[in-house]
Amino acid sequence: LIVKEWKLLLRDWHALLLLIAMPAAFILVMSLAMQNDFAEHASVSVHYYLVDQDSSAVSKALLQQLAAIPHFKRVPSKASLAQLKERVKRSRAQFVVIVPKDFGKAMLGKNPEPVQMLAGPDVEPAVYQLFAAALRGALGHTYLQHLLAPLQTQLELSGSGGLDPDAAGKLLKD
């Protein structure tokens, strides 16, 4: 039966060509059409502007926490806040993060100054949630560092060696 089919295909070159060429052409066309979709999601990078109106040690610690997050790239700029907001509206970056004046002083008080996060109009909800969670994590880490700083100093003065900042990482064995 197989030999008979091959004999028929060898006599009919058009059928043989269609049998081999059409799937190859389909694969080629579809791979070229989908190339941009796969490349777009291969290396996700979120770009943001940061406006530090406080310039305190606490805000600098927050900036360091944000800089340590992979795939989130701060776009350096000396433009005004209004210009940065306009750039985000035009999709030059996805976010603007604004650290308000007196952020460091008010952090442990009853009325802390909240950090503002403004997103561009074309930011996908998943990217928005991811960036908001990363910003909350950086704020939480900075808050705990600021809250525990007096305890750290007291432990160092008592000679116990202080707090180990990598203790949480040592609690999990991979």
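Heads up: these notes are all about the structure in this document. (Residues numbered from 1 in each chain as written. Predicted model: local features only at pLDDT ≥ 70, side-chain atom pairs only at ≥ 80, totals over all residues. Heavy atoms only, no water.)

### Observations concerning the pairing of strand β1 (residues 46-52)
Consideration 1: When you tally the buried positions in β1, you get 5 out of 7 residues, the bulk of the element.
Consideration 2: With 3 bridges connecting them, β1 and strand β2 (residues 72-74) associate as parallel partners. Paired with His-47 across the strands is Lys-73, a residue of β2.
Consideration 3: Running through helix α3 (residues 57-67), the crossover from β1 to the neighbouring parallel element β2 is right-handed. (Buried < 20%, exposed > 50% of the residue type's maximum accessible area, 1.4 Å probe, protein only. Helix = DSSP H or I, 4+ residues; strand = E, 2+ residues; numbered from the N terminus. Pairing = 2+ DSSP bridges. Right-handed = clockwise from strand over helix to strand, strands pointing away.)

### Topic: the pattern of salt bridges
Consideration 1: Scanning the entire structure with this criterion turns up 2 salt bridges.
Consideration 2: Here Glu-86 and Arg-90 are joined by a salt bridge, their closest N and O atoms 3.7 Å apart.
Consideration 3: Of the residues examined, Glu-86 reaches a relative accessible area of 36% and is grouped as partly exposed.
Consideration 4: On the basis of relative accessibility, which here comes to 47%, the residue Arg-90 falls in the partly exposed class.
Consideration 5: Between Lys-105 and Asp-102 there is a salt bridge; the shortest N-O distance is 3.9 Å.
Consideration 6: Exposure remark for Lys-105: the relative accessible area of 72% places this residue in the exposed category. (Salt bridge = Lys/Arg side-chain N within 4 Å of Asp/Glu carboxyl O.)

### As for the sheet that holds β2
Consideration 1: Pairing is mixed across the open sheet formed by 4 strands, whose spatial order is β2-β1-β3-β4. Single-partner strands in this sheet number two, and they are β2 and β4 (116-119). Along the sheet, successive strands turn relative to each other by an average axial angle of 30°, direction set aside. (Axes fitted to C-alpha atoms, helices over the stretch in contact; angles between N-to-C directions.)

### Considering the nonpolar core
Consideration 1: Among the nonpolar cores identified, the biggest contains 21 residues, and Tyr-48, Leu-62, Leu-66, Phe-95, Val-97, Phe-103 and Phe-131 are the most heavily contacted of them.
Consideration 2: No other element matches helix α6 (residues 125-158), which puts 5 residues into this core.
Consideration 3: If near-sequence neighbours (up to four positions away) are discounted, Val-97 is found in contact with Tyr-48, Tyr-49, Leu-50, Val-51, Val-115, Gln-116, Phe-131 and Leu-135.
Consideration 4: Ranked by size, the runner-up nonpolar core spans 8 residues in total, among them Tyr-49, Ala-79, Val-88 and Ala-93. (Core = buried A, V, L, I, M, F, W, Y, C linked by side-chain atoms within 4.5 Å. Contact = heavy atoms within 4.5 Å.)

### Notes on the packing of aromatic side chains
Consideration 1: Following the criterion strictly, the structure yields 4 aromatic pairs and no others.
Consideration 2: Seen from their ring centres, Phe-95 and Phe-131 are 4.2 Å apart, and the 10° between their planes marks the pair as stacked. Residue Phe-95 is located in strand β3 (residues 95-99), and its partner Phe-131 is located in helix α6; the two are separated by 36 residues in the primary sequence. Like Phe-131, Phe-95 is buried.
Consideration 3: Of the aromatic side chains, those joined through ring pairs into one cluster are Tyr-48, Phe-72, Phe-95, Tyr-128 and Phe-131. (Phe/Tyr/Trp six-rings, centres within 6.5 Å; stacked < 30°, edge-to-face > 60°.)

### Here we look at unusual backbone geometry
Consideration 1: Of note in this structure, Ser-55 is not a glycine but carries a positive phi near 55°.
Consideration 2: Topologically, Ser-55 is positioned in the loop between β1 and α3.
Consideration 3: What makes Ser-55 partly exposed here is its relative accessible area of 48%.
Consideration 4: Residues other than glycine seldom take positive phi values, yet Ser-91 does so here, at roughly 65°.
Consideration 5: Tracing the sequence through the fold places Ser-91 in the loop between α4 (81-89) and β3.

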